[in-house]
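# Close look at the chain arrangement
Single-letter residue listing:
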Amino acid sequence: MSTTSVTGSGRPGFVWAAPALAFFALFALLPMLAVVVLSFTAYDGLSAPRWTGLDNWVRLGSDPLFTESLQLSFVLTGVSWVAQTAVALPLGVWLAGRGRSRAVLAALFFVPLLMSSAAIAVLWGTLFDPNFGLASVLGPLVGIDDGNIIGSNRYAFAAVIAVIAWQYMPFHTLLYQAAARAIPAQLYEAALIDGAGRWRTFVSITVPQLRDTIITSGVLIVVGSMTTFEVVLILTGGGPGTASRILPLHMYLEGFRSFDMGYASALAVVLLVLGTTLSLVIARVTGYRRMTSQREGM
């Protein structure tokens, strides 16, 4: 085999990565560059873009909806990370064990992974319907007598967060299930000999061994939370008022409802920078980029 395709260490060379790099450049880098250019223009999607310089960027500072939607996006990201990790991690570890009942429950629990975001939003929109949905029963329990949960300024955004967590929690559970099954059984056998209980074993062995998976899941939650909007669009439309208008939805409404593609492009660039920055910060703070093995002797 030629030396141009395989390096001295036996790993594939640049030629093997060229198709993937070309695909990434064509369908990722070029669109991102186009969006950056459009952020300096006035563009309605029909006529030719007109260069306006920093007008769209100056507008960000005076747009109260931008500030509010940015705050809501940060809240969505933080709550999603805490809630999904707190449930998906122990559930994934439990499902990694043996037992027919666990396999059946895992199959049922992963059903949301097979559904589209639009279908999930329609499903939960029906459940939240104050006339004939479960909301008519659950609403009075949380202080909403008419059951209109997604029409409440206080509870609409919480309902959105709950639906998004329900949608993506099975995916992260699957990550933890696969990672937990890869943990060497010898570690648990040694803990059993030392007399460690289930909680001590979970804290001292399972969680440290799942460190890289926790970080990976966290990065995916951050990026996903900063870019999701279809569930919010269909479920609440950003309402009531602007109570659930997160930044990606604000970008969509500005671009495809107000036909202000230039300003929407500036919002898209902000999302890109925030998502990339948060991911890099997580990778740097946690030391994830070193990707060292956590198995003894490896």
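The notes below deal with the structure included here. (Residues numbered from 1 in each chain as written. Predicted model: local features only at pLDDT ≥ 70, side-chain atom pairs only at ≥ 80, totals over all residues. Heavy atoms only, no water.)

### Observations concerning the overall build of the chain
The following threshold applies: A run of H or I in DSSP becomes a helix once it reaches four residues, and a run of E becomes a strand once it reaches two; helices and strands are each numbered from the N terminus. Each residue is assigned to one of three classes by its accessible area relative to the maximum for its type, calculated with a 1.4 Å probe on protein chains only: buried under 20%, partly exposed between the two thresholds, exposed over 50%. Working rule for contacts: check all heavy atoms of both residues, and any pair within 4.5 Å makes them a contact. Accessible surface area values rest on a Shrake-Rupley calculation with a 1.4 Å probe, where residue burial reflects the displayed protein chains alone. His is not counted, nor are the chain ends, whereas Lys and Arg count as positive and Asp and Glu as negative. The atom standing in for a charge is NZ when the residue is Lys, CZ when it is Arg, CG when it is Asp and CD when it is Glu.
In terms of regular secondary structure, the chain is built from 13 helices and two strands. Judged by the C-alpha coordinates and their principal axes, the chain covers about 70 × 65 × 30 Å. Counting over 298 residues, the chain shows a buried share of 35%. Taking all contacts inside the chain whose residues are at least 6 apart in sequence as the whole, residues at least 24 apart take part in 64%. Looking at the chain as shown, the accessible area adds up to about 17,000 Å², and 68% of this sits on carbon and sulfur atoms. Seen as two clouds, the 17 positive and the 14 negative side-chain charges of the chain have centres 14 Å apart.

### Looking at the environment of V15
For V15, the location among the structural elements is in helix 1 (residues 14-38). Residue V15 is classed as partly exposed on the basis of its relative accessible area of 49%. As a C-alpha pair, V15 and A180 span 165 residues in sequence and 35 Å in three-dimensional space.

### Focus on the nonpolar core
Operational definition: Residue types Ala, Val, Leu, Ile, Met, Phe, Trp, Tyr and Cys, when buried and joined through side-chain atoms within 4.5 Å, form a set referred to as a nonpolar core.
Among the nonpolar cores identified, the biggest contains 21 residues, and F128 and I246 are the most heavily contacted of them. Elements with a contribution of two residues or more to this core: helix 3 (64-95), helix 5 (117-127), helix 7 (156-181), helix 11 (230-235) and helix 12 (247-256). Top element by residues in this core is helix 7. It accounts for six residues.

### Some points on the packing of aromatic side chains
Where we set the bar: Ring pairs are drawn from Phe, Tyr and Trp, using the six-membered ring of Trp, whenever the two centres fall within 6.5 Å, and their geometry is named by plane angle: stacked under 30 degrees, edge-to-face over 60, tilted for the rest.
Applying the stated rule across the entire model yields nine aromatic pairs. When the centroid spacing of 5.6 Å and the interplanar angle of 35° are considered together, the rings of W124 and F128 count as tilted. A relative accessible area of 11% means that F128 is categorised as buried. Among the aromatic residues, those joined into a cluster by ring pairs are F40, W51 and W57.

### Considering the pattern of salt bridges
Applied cut-off: Throughout this description, the term salt bridge denotes a Lys or Arg side-chain nitrogen within 4 Å of a carboxyl oxygen of Asp or Glu.
Per the counting criterion, the structure on display carries four salt bridges. With a closest N to O distance of 3.4 Å, R59 and E254 form a salt bridge. A residue pair is termed long-range when its members are at least 10 positions apart, and R59 in helix 2 (residues 55-62) and E254 in helix 12 qualify at 195 residues. Between D260 and R59 there is a salt bridge, with the nearest N and O atoms lying 2.5 Å from each other. Taken together, the residues D260 in the loop between helix 12 and helix 13 (261-286) and R59 in helix 2 connect sequence positions 201 residues apart.

### Here we look at the side chain of T213
Along the polypeptide, T213 turns up in helix 10 (residues 211-227). For T213, the residues in contact, after removing those within four places along its chain, are L175, Y176 and A179.

### With respect to the packing of helix 3 against helix 10
Rules: Throughout, an axis means a line fitted to C-alpha atoms (over the contacting stretch in the case of helices), and angles, computed between N-to-C directions, take values from 0 to 180 degrees. Helix crossings are classified by the rotation of the near helix relative to the far one: an anticlockwise turn of less than a right angle makes the crossing left-handed, while a clockwise turn makes it right-handed. Amino acids are sorted into nonpolar (Ala, Val, Leu, Ile, Met, Phe, Trp, Tyr, Cys and Pro), charged (Asp, Glu, Lys and Arg) and polar (every other residue, Gly among them).
Taken N-terminus to C-terminus, the directions of helix 3 and helix 10 make an angle of 145°; their axes are 9 Å apart at the nearest point. The two elements helix 3 and helix 10 meet at a crossing, and its hand is right-handed. On helix 10, the residues that touch S73, L76, T77, S80, W81, Q84, T85 and L89 of helix 3 are I214, G218, I221, V222, S225 and M226. Each residue belonging to the contact of helix 3 with helix 10 can be placed in one class, and the counts come to seven nonpolar, seven polar and no charged.

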